[in-house]
Amino acid sequence: MTRVGIYPGSFDPLTKGHEDLIHRSLGFLDKLVVAVAVNVGKQPLFSLDERLALIRETVTDAKVDVQSFDGLLVEFARKIGATVIVRGLRAVSDFEYEFQMALMNRHLAPKLETIFLVPAFDLTYLSSSLVREVARFGGDVSGLVHPAVQAALHKKLGR
Ligand code: PNS
């Protein structure tokens, strides 16, 4: 049996925290689909195509597939045969939102399990929004994102 997981998110942009979670999940999954949400409920810095391209450039493992999805996550998970949703839990502040989402997804698809992974300790403070903010004000993001993402941030923000 092939164990397929889905790792959904906005990835605006992909950070080293996301990369860490992707590699950790490959320890127990045969295949991981990184699912980039089309509608993220906020104006993203990077377009959908840019976010997809940056993930594909950063993550080259053959067990990882990068796709976009629109609508309900559980519907997309069913379509691709995923049995596990992977999400990261960095701090207590993540918990309420993640718990709500996991329970709603279970309500919608009882057999689809959500698994929370804890990122590497030195990446727990990291988020896409902080990376965007640091880059916007000219700070160094080289240790926080892949060089391709760093270059894209520089290009996008004109620095
Ligand atoms: O990285 P994010 O922004 O925290 O990701 C949130 C995401 C995209 C995983 C979530 O908003 C989502 O699953 N959206 C798809 C719509 C959906 O299924 N909503 C109900 C889930 S409770």
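Located above this text is the structure these notes cover.
Residues numbered from 1 in each chain as written. Predicted model: local features only at pLDDT ≥ 70, side-chain atom pairs only at ≥ 80, totals over all residues. Heavy atoms only, no water.

A. Just the nonpolar core, in detail. In this structure, Y7, I22, L32, V34 and I55 are the most contacted members of the largest nonpolar core, which totals 18 residues. Looking at this core, the elements with two or more residues in it are α1 (16–25), β2 (31–37), α2 (48–58), β3 (64–69) and β4 (84–88). Dropping the residues within four chain positions of it, I55 is found in contact with F11, L14, V34, V36 and V66. (Core = buried A, V, L, I, M, F, W, Y, C linked by side-chain atoms within 4.5 Å. Buried < 20%, exposed > 50% of the residue type's maximum accessible area, 1.4 Å probe, protein only. Helix = DSSP H or I, 4+ residues; strand = E, 2+ residues; numbered from the N terminus. Contact = heavy atoms within 4.5 Å.)

B. Highlighting the site of the ligand. Of all residues adjacent to the ligand, which total 14 residues, the nearest are S10, L73, R87, Y97 and M101. A distance of 2.4 Å is found between an oxygen atom of the ligand and a side-chain nitrogen or oxygen belonging to S10. Within the complex, the protein chains bury 73% of what would otherwise be the 550 Å² of accessible surface of the ligand. Taken atom by atom, the bulk of the ligand overlaps the largest pocket. Listed by contribution, the elements that provide at least two residues to the shell around the ligand are β1 (4–9) and α4 (92–108). Per-element tally for the shell around the ligand: the top contributor is α4, with four residues. Here the residues of the shell around the ligand sort into eight nonpolar, four polar and two charged. (Near = heavy atom within 4 Å. Polar contact = N/O pair within 3.5 Å; in protein donor to acceptor, adjacent residues only side chain to side chain. Areas by Shrake-Rupley, 256 points an atom, 1.4 Å probe, with all protein chains shown as cover. 1 Å grid on protein atoms, 1.4 Å probe; cavity = no way out; pocket = protein on both sides within 12 Å on 5 of 7 lines; lining within 4 Å. Sits in = over half its atoms within 2 Å of the grid points. Nonpolar A, V, L, I, M, F, W, Y, C, P; charged D, E, K, R; others polar.)

C. Broad picture of the layout of surface pockets. Estimates place the volume of the largest pocket at around 1000 Å³. Forming the walls of the largest pocket are 44 residues, and the residues nearest its centre are P8, G9, S10, R87 and Y97. Counting residues per element, the lining of the largest pocket draws most heavily on α4, which supplies eight residues. For the lining of the largest pocket, a count of residues per class yields 22 nonpolar, 14 polar and eight charged. (Points joined across faces, edges and corners; volume = space filled by probe spheres on them.)

D. Structural detail: the pairing of strand β5 (residues 113–117). Judged from the five bridges that link them, β4 and β5 form a sheet pairing that is parallel. Within β5, the position partnered with R87 by the bridge is F116. With α4 bridging β4 and the parallel β5, this β-α-β connection has right-handed handedness. (Pairing = 2+ DSSP bridges. Right-handed = clockwise from strand over helix to strand, strands pointing away.)

E. Summary view of the pairing of β3. The pairing of β2 with β3 spans six bridges and is parallel. Directly across from V33, in β3, lies its bridge partner D65. Viewed along the sheet, the connection from β2 through α2 into β3 turns out right-handed.

F. Local environment of the pattern of salt bridges. For the coordinates displayed, the defined rule picks out seven salt bridges. A salt bridge links R24 to D20, with the shortest nitrogen-to-oxygen separation between them at 2.9 Å. Linking R24 with D20, this pair stays in helix α1, spanning four residues, or about one helical turn. Salt-bridge contacts for K156 lead to E50; the nearest nitrogen and oxygen are separated by 2.9 Å. Separated by 106 residues along the polypeptide, K156 in helix α6 (residues 147–157) and E50 in helix α2 bring together distant segments of the chain. Among the residues examined, K156 registers a relative accessible area of 34% and is labelled partly exposed. Classification of E50 by relative accessible area gives partly exposed; the value is 30%. (Salt bridge = Lys/Arg side-chain N within 4 Å of Asp/Glu carboxyl O.)

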